[in-house]
Amino acid sequence: MSVASADNHRPSAALHVREILNSCSKLIIAGDPHQSENSILELVNFLEAISDAALLDPDNEDAKYNAFEVLSEVYAYLCSSLHQEVIDSLSFELPKAVSKFASVSNGCLEITESVISQLITMCSPRDMLSILCEALAKIVRTSAYFTPLLSGLSKVILSIRRHHYEQVKVAVPVIVNVLKVVTSETDDGDTEIEGLFDRAVGIASSIHTVCSKLEGRSNEKLCALLGLYVLEIMALVSISLNHNKVSCQHLVSQLSRLFPYCGLSYLGLITGNDVDKMTSIVIGGVEDEDDYISCLSDVKLGASLSVIWGHISDEVAQAAEEDLTTVKDELRSSQLRRWQTVGMLKHIYSFVSLPSDLKKHAIDFLLSITDGNVSQTLDDEYIDLALYMPSLFTALQAIKMVIIYAPNTVLRKLAFDAFKRVLADIPTSHRFEILKALITNTDSSSMIAILLDLVKGEMHSESCKRISKINDEVQQTENKECWSPLLWNANVLELVELVLRPPKGGPPPLPEHGDAVLSALNLYRFVLITESTGKTNYSEVLSQNNLHKAYHEWFLPLRTLVTGIMTENRNDSDQLADDTVCQLNPIEMVLYRCIELVEENLKPPT
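Residues numbered from 1 in each chain as written. Predicted model: local features only at pLDDT ≥ 70, side-chain atom pairs only at ≥ 80, totals over all residues. Heavy atoms only, no water.

Topic: the overall build of the protein
Thinking step 1. Summing up its helical and strand segments, the protein has 30 helices and 0 strands in all.
Thinking step 2. Relative to a compact globule of 606 residues, whose C-alpha radius of gyration would be 25 Å, the protein shows 34 Å and is clearly more extended.
Thinking step 3. Across the 606 residues in the protein, those meeting the buried criterion constitute 50%.
Thinking step 4. For the protein, the exposed area adds up to about 27,900 Å²; of that, 51% sits on carbon and sulfur atoms.
Thinking step 5. For the protein, the centre of its 50 positive side-chain charges and the centre of its 80 negative side-chain charges are spaced 5 Å apart. (Helix = DSSP H or I, 4+ residues; strand = E, 2+ residues; numbered from the N terminus. Rg over C-alpha atoms; globule rule 2.2 N^0.38 Å. Buried < 20%, exposed > 50% of the residue type's maximum accessible area, 1.4 Å probe, protein only. Areas by Shrake-Rupley, 256 points an atom, 1.4 Å probe, with all protein chains shown as cover. Lys, Arg positive; Asp, Glu negative; His and termini not counted. Charge placed at Lys NZ, Arg CZ, Asp CG, Glu CD.)

If you want it as structure tokens, here you go:
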């Protein structure tokens, strides 16, 4: 296209949109609904054609210029129009149509925001809230489309005069859903997503401004909703922008500054108490409200991450007006709060798409509150321990997933250390049941082996304590009579059976379950030797029924399987066969030792 033709072409789009706007205005004022609707549809189609042309060919400067000029014309028309009925009619369609221009250029984004801002100035805030929410519900692939709409919502919220809580409550799920959809489809490095989150934080600031003008129950409810919204955005920012540390930390700091106003503390967030309190206020005991809270599904993740960000950055902690040292001391001194914290941190460990470095910092935090002298006494002796065990179990399950799937050995090792400390913080009376549940709900052979080794370690520690008490001359008689084994019971044989004779029947699959099988055999050997040496039978491993069961149902079928696989692979010369033989060698050795021990104990006494 020549320079001359470009000059002739450039004004035509702007002139045409002005002609359509004038036609719309005349038809609306004339009270012809059918023709005015057609005219508005023509306007929308024209605007979409202009924006599509610019978006489909980003290098076409003429198309960008046309887009800018057309938007400028629309804005100028709105500023000059004095007929409210015209503005009201255009406001239903213009926000969606002009928002598509936001991705064309920064200049178009600025004018788009000005167009929407002008509509907000001239129209009813309640109507504009509904219109913008409807526009946000439109499925569009470009994140920039939503940016001016979110900016508009910030202004609308400030313009609302009545029923602030009810109207903000309508907008929050729409905003959150947009952010979730966009972030799930956006690649790392998309700079437009940062602008989107900046607007989302701006909405939080607008809600805060409205809150500060309200009193009583209205203030309490809107403040609670603001707190939940902030935590949800905290989670989404952490998930989506962690690749850009500077932008992420800046947004996190801005969100954290709202914590003191919302009555949120790091201690209340990391234990979940503040989340429960805010949720209770927003739901208000109405069952139907559970569906509403489901849209804020990541608030507990956000609450946990809020404290972890403070753990990472002093700047973030200062923005929240918090002292992490004091918080950690509080958690070390209270076992109940520590359990609540573990239950909250599981949301970080179990969230698949959360960056691994945030999981590492969450593990570091957990290690820091379980290090050194920690209280092992409950705050209230009448607390039902069983209430907290499901949460601790799911937390251990989440940490277990980090141990198995973490991308580097450092994080896996730290996660294992944290796993052991959480276990150690659980009363012995419940620890075995949790270990059993973890083994039952694990598919990984290596992880089952690790868990069985932990069981053996716990039993060894308990056995040593018992022997130490018996050897104490002062308490010798008393301890022989009153010592009650917690881990040394028949349940331990159930763990061995789970591996050596799986519930589905038959011997365990080898060599793929070799780690678990070897660990189960070692656990059985340890229990049998310890019981026979100490002339005890707490686990009932020495009962004739259990000896026969182990011999005929566990070991002989396993021996047949191992012998067959070993024979088959020894005759093979490839590398896989050699690896299989090497893997089964230690299993074969321990298996034959277990068989010997059982046979010795099955012999009648001489």
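On we go from here.
Examining the confidence of the model for the protein
Close inspection of predicted coordinates is inappropriate for parts of the model with low pLDDT.
Thinking step 1. Averaged over all residues, the pLDDT of the protein is 88; the fraction at 70 or higher stands at 92%.
Thinking step 2. Counting contacts from residues 1-10, a segment whose pLDDT is below 50, to residues more than four positions away or on other chains yields 7 contacts.
Thinking step 3. Note on residues 473-483: pLDDT is under 50 here. Beyond four places in sequence and across chains, it has 8 contacts. (pLDDT = per-residue confidence, 0-100. Contact = heavy atoms within 4.5 Å.)

Re the domain arrangement of the protein
Thinking step 1. Taken domain by domain, the protein comprises domain 1 (12-123), domain 2 (163-321), domain 3 (323-373 + 385-426) and domain 4 (455-470 + 487-602).
Thinking step 2. The straight-line distance from the C-alpha centre of domain 1 to that of domain 3 is 54 Å. (Domains from an automatic or database assignment.)

A short note on the environment of Ser51
Thinking step 1. Examined against the element boundaries, Ser51 turns out to sit in helix H2 (residues 33-56).
Thinking step 2. Discounting chain neighbours no more than four positions away, the residues touching Ser51 are Lys100, Phe101 and Val104.
Thinking step 3. From its side chain, Ser51 meets the backbone oxygen of Glu48 in a polar contact 3.0 Å long. (Polar contact = N/O pair within 3.5 Å; in protein donor to acceptor, adjacent residues only side chain to side chain.)

Regarding the packing of helix H7 (residues 125-136) against helix H8 (residues 146-159)
Thinking step 1. One can describe the packing of H7 onto H8 by two numbers: an axis separation of 10 Å at closest approach and a directional angle of 155°. Relative to H8, the element H7 lies roughly antiparallel. Along this stretch, H7 crosses H8, giving a crossing that reads as left-handed. Taken together, the residues of H8 that come into contact with H7 (itself represented by Pro125, Met128, Leu129, Leu132, Ala135 and Leu136) are Phe146, Leu149, Leu150, Gly152, Leu153, Val156 and Ser159.
Thinking step 2. Broken down by class, the residue content of the contact of H7 with H8 amounts to 11 nonpolar, 2 polar and no charged. (Axes fitted to C-alpha atoms, helices over the stretch in contact; angles between N-to-C directions. Parallel < 35°, antiparallel > 145°, perpendicular 65-115°, else oblique. Left-handed = near helix turned anticlockwise from the far one by under 90°. Nonpolar A, V, L, I, M, F, W, Y, C, P; charged D, E, K, R; others polar.)

Some words on the packing of aromatic side chains
Thinking step 1. Taken as a whole and assessed by the stated rule, the structure comprises 6 aromatic pairs.
Thinking step 2. Each ring, one from Tyr524 and one from Trp554, has its centre 6.0 Å from the other, and the planes form 80°; the classification is edge-to-face. Remark: Trp554 occurs in helix H29 (residues 544-570) and Tyr524 occurs in helix H28 (residues 514-533); sequence separation between them is 30 residues. Across this residue pair, the class does not change: Tyr524 and Trp554 are buried.
Thinking step 3. Measuring from ring centre to ring centre gives 6.2 Å for Trp554 and Phe555, while their planes differ by 85°; the resulting arrangement is edge-to-face.
Thinking step 4. Judged by its relative accessible area of 4%, Trp554 is buried.
Thinking step 5. When its relative accessible area of 0% is taken as the criterion, Phe555 is described as buried.
Thinking step 6. Members of the aromatic cluster, connected to one another through ring pairs, are Tyr524, Trp554 and Phe555. (Phe/Tyr/Trp six-rings, centres within 6.5 Å; stacked < 30°, edge-to-face > 60°.)

Quick notes on the nonpolar core
Thinking step 1. Within the largest apolar cluster, 204 residues are counted, with the highest numbers of intra-cluster contacts made by Tyr266, Leu500, Leu521, Tyr524 and Phe555.
Thinking step 2. Apart from residues lying up to four places away in sequence, Leu521 is in contact with Leu500, Phe555, Leu558, Ile587, Val590, Leu591 and Cys594. (Core = buried A, V, L, I, M, F, W, Y, C linked by side-chain atoms within 4.5 Å.)

So, the pattern of salt bridges
Thinking step 1. Counting across every chain of the model gives 19 salt bridges.
Thinking step 2. With a shortest N-O distance of 2.6 Å, Arg18 and Glu73 are connected by a salt bridge. A residue pair is termed long-range when its members are at least 10 positions apart, and Arg18 in helix H1 (residues 3-30) and Glu73 in helix H3 (residues 61-80) qualify at 55 residues.
Thinking step 3. On the basis of relative accessible area, Arg18 is assigned to the partly exposed category, the value being 26%.
Thinking step 4. Across the salt bridge formed by Lys96 and Glu134, the nearest N and O atoms sit 3.5 Å from each other. One end of the pair, Lys96, is in helix H5 (residues 94-99); the other, Glu134, is in helix H7, and 38 residues separate them in sequence.
Thinking step 5. Overall, Lys96 belongs to the buried group, its relative accessible area being 18%.
Thinking step 6. Glu134 sits in the partly exposed class, given a relative accessible area of 48%.
Thinking step 7. Several salt bridges share partner residues, and in doing so they unite Lys180, Glu232 and Asp298 into one network. (Salt bridge = Lys/Arg side-chain N within 4 Å of Asp/Glu carboxyl O.)

Overview of helix H22 (residues 389-405)
Thinking step 1. Here H22 contains 17 residues, and its C-alpha end-to-end distance of 24 Å stays within 8% of the 24 Å for a straight helix at 1.5 Å per residue.
Thinking step 2. Every buried residue of H22 is accounted for by Met389, Leu392, Phe393, Ala395, Leu396, Gln397, Ala398, Ile399, Lys400, Val402 and Ile403. (Expected span 1.5 Å × (residues − 1).)

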